[in-house]
Amino acid sequence: IPVIAYTLVISAMVASAVGTFQKNDSADPNILLASIYFFISDIFIARDRFVRRQAINKMINLPLYYAAQFLFAYTTAPTPLDASSPIVFPLSYLVLRVITTTIF
């Protein structure tokens, strides 16, 4: 039951971020990106814990988790930047680069 409850809470977080982004033109896209990164990172935690322990789970989970935490914190800055800001695209590129380098 705790796993199901946690999954529901994380899914609600992503749904809330998507809904906020769709309804509000001035919503910071970093919040949406952070929630998606966080959700995907949790999939790999669950996979490592309940399916099969493999190093690849942590190699994918950790960059996504830290990127999500950074973006969540970044959105609390006094002057939030938009999706074209100099931080969002390089950070996303870096996360994807680390993951693809690790896998391939």
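For the structure, check the block above.
Residues numbered from 1 in each chain as written. Predicted model: local features only at pLDDT ≥ 70, side-chain atom pairs only at ≥ 80, totals over all residues. Heavy atoms only, no water.

(A) Focus on the nonpolar core. Of all hydrophobic cores here, the largest spans 10 residues; its members are I10, A34, Y37, F38, F44, I60, L64, A67, A68 and L71. Listing elements by their share of this core, those giving two or more residues are α2 (29-51) and α3 (55-74). A per-element tally of this core places α3 first, with five residues. Discounting residues that sit within four places of it in the chain, F44 has contacts with N57, I60 and N61. (Core = buried A, V, L, I, M, F, W, Y, C linked by side-chain atoms within 4.5 Å. Buried < 20%, exposed > 50% of the residue type's maximum accessible area, 1.4 Å probe, protein only. Helix = DSSP H or I, 4+ residues; strand = E, 2+ residues; numbered from the N terminus. Contact = heavy atoms within 4.5 Å.)

(B) Summary view of α2. With 23 residues, α2 ought to run about 33 Å at 1.5 Å a step, and its terminal C-alpha atoms sit 32 Å apart, in line with that. For α2, the complete set of buried residues consists of N30, L32, A34, S35, Y37, F38, S41, D42, F44 and D48. (Expected span 1.5 Å × (residues − 1).)

(C) Representation of the environment of I43. Following the sequence through the fold, I43 ends up in helix α2. In sequence terms I43 and N61 are 18 residues apart; their C-alpha atoms lie 8.1 Å from each other.

(D) Summary view of a nonpolar patch on the surface. Judged by side-chain polarity, V3, F50 and V51 come together as a nonpolar surface patch covering roughly 310 Å² of accessible area. Here V3 shows up in helix α1 (residues 2-23). (Patch = residues over 30% accessible without salt bridge, like charges linked within 9 Å, V, L, I, M, F, W, Y side chains within 5 Å. Areas by Shrake-Rupley, 256 points an atom, 1.4 Å probe, with all protein chains shown as cover. Salt bridge = Lys/Arg side-chain N within 4 Å of Asp/Glu carboxyl O.)

(E) Just the packing of α2 against α3, in detail. Two elements in contact, α2 and α3, have axes whose closest approach is 8 Å; the angle formed by their N-to-C orientations is 155°. Comparing the axis directions of α2 and α3 gives the class roughly antiparallel. Where α2 crosses over α3, the handedness of that crossing is left-handed. Across the contact of α2 with α3, the residue classes break down as 17 nonpolar, six polar and four charged. (Axes fitted to C-alpha atoms, helices over the stretch in contact; angles between N-to-C directions. Parallel < 35°, antiparallel > 145°, perpendicular 65-115°, else oblique. Left-handed = near helix turned anticlockwise from the far one by under 90°. Nonpolar A, V, L, I, M, F, W, Y, C, P; charged D, E, K, R; others polar.)

None of the figures reported here should be taken as evidence of function without further support.
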